[in-house]
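If you want the building blocks of each chain, they are given just below.
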Amino acid sequence: MPSFPLTQAVTLRGRRPRDLPVLRRWLADADAEWRRWDAPYFHAAATTASLLAYVERLERTPTRSDERVIDVDGECVGMVNRSQEEPAGGGWWDLGILIYDPAHWGHGIGTRALRLWVTATFDETDAHVLTFTTWGGNERMIHAARRLGFLEAARIREARLVDGVRYDSVRLDLLRREWTSAEPPARP
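Before going into details, it helps to say that this report is about the structure given with it. (Residues numbered from 1 in each chain as written. Predicted model: local features only at pLDDT ≥ 70, side-chain atom pairs only at ≥ 80, totals over all residues. Heavy atoms only, no water.)

## Quick look at the pairing of strand 4 (residues 92–99)
- Within strand 4, seven of the eight residues are buried, leaving the element largely enclosed by the surrounding structure.
- Where strand 4 meets strand 5 (residues 129–135), four bridges bridge the pair, whose relative direction is parallel. Within strand 5, the position partnered with D94 by the bridge is T131. (Buried < 20%, exposed > 50% of the residue type's maximum accessible area, 1.4 Å probe, protein only. Helix = DSSP H or I, 4+ residues; strand = E, 2+ residues; numbered from the N terminus. Pairing = 2+ DSSP bridges.)

Written as structure tokens, this is what we have:
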């Protein structure tokens, strides 16, 4: 497995045309490993068509400020996104993050990208609170969010069925006043 030192450059940037084949490859692959962790309770066969439509939309539309590529030393390795919870202007934004290739997992890239995305969201929006939602089986993602200061805000017990096993749905939150991008607040 390749090593990704903490000194490796992780940045967030707008999508470039050269990113589209990478996005198409990973999003169109119904057997990609990331699908086992990112909402696996939605069946890959049902989501592949919508993901392909999403990539086709990306090919026709300019980069949006609410989604960015995760770039590691010039390579597109994933994406982050955010959406404003209704009603608009209420200050509640929900975040998402996805790193496609398992070779990039477990090296702190996701945590560094999420830290950048939290900072960008607080800097660029009216966000008062950020949320992040996943399922109980995605312990790496829950740990990364907690490491940055997110707290568990809700747990819907046994709400998600994955491979015949029930898991909780987990929502974490972070208030603007709790965030400093240089050093996240200490949490138990």
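Still to come is the rest of the account.
## Some details on the layout of surface pockets
- Each pocket or cavity is described by its volume, and for the second largest pocket that value is around 170 Å³.
- When the residues that make up the lining of the second largest pocket are grouped by side-chain class, the tally is six nonpolar, one polar and three charged. (1 Å grid on protein atoms, 1.4 Å probe; cavity = no way out; pocket = protein on both sides within 12 Å on 5 of 7 lines; lining within 4 Å. Points joined across faces, edges and corners; volume = space filled by probe spheres on them. Nonpolar A, V, L, I, M, F, W, Y, C, P; charged D, E, K, R; others polar.)

## Considerations on the pattern of salt bridges
- Inspection of every chain in the model, using the stated rule, returns 13 salt bridges.
- Salt-bridge contacts for E67 lead to R15; the nearest nitrogen and oxygen are separated by 3.8 Å. Of this pair, E67 sits in strand 2 (residues 67–72) while R15 sits in the loop between strand 1 (10–13) and helix 1 (20–28), placing them 52 residues apart in sequence.
- The residue E59 makes a salt bridge to R24 at a minimum N-O spacing of 3.0 Å. With a gap of 35 residues between them, E59 in helix 2 (residues 44–60) and R24 in helix 1 connect regions that are remote in the sequence.
- One continuous salt-bridge network, built from bridges that share partners, spans D66, R68, R82 and E124. (Salt bridge = Lys/Arg side-chain N within 4 Å of Asp/Glu carboxyl O.)

## Section: the sheet that holds strand 7 (residues 165–175)
- Strand order in the open sheet formed by seven strands is 1-2-3-4-5-7-6, and the pairing between neighbours is mixed. On the outer flanks of this sheet lie strand 1 and strand 6 (151–162), each paired with one strand and no other. Adjacent strand axes in the sheet meet at a mean angle of 25 degrees when their direction is disregarded.
- Bridge count for strand 2 against strand 3 (residues 75–84) is six bridges, and the pairing is antiparallel. The residue bridging I70 from the neighbouring strand is G78, located in strand 3.
- Together, strand 1, strand 2, strand 3, strand 4, strand 5 and strand 7 form the strand contacts of helix 3 (residues 109–124), whose direction differs from that of strand 4 by roughly 150 degrees. (Axes fitted to C-alpha atoms, helices over the stretch in contact; angles between N-to-C directions. Contact = heavy atoms within 4.5 Å.)

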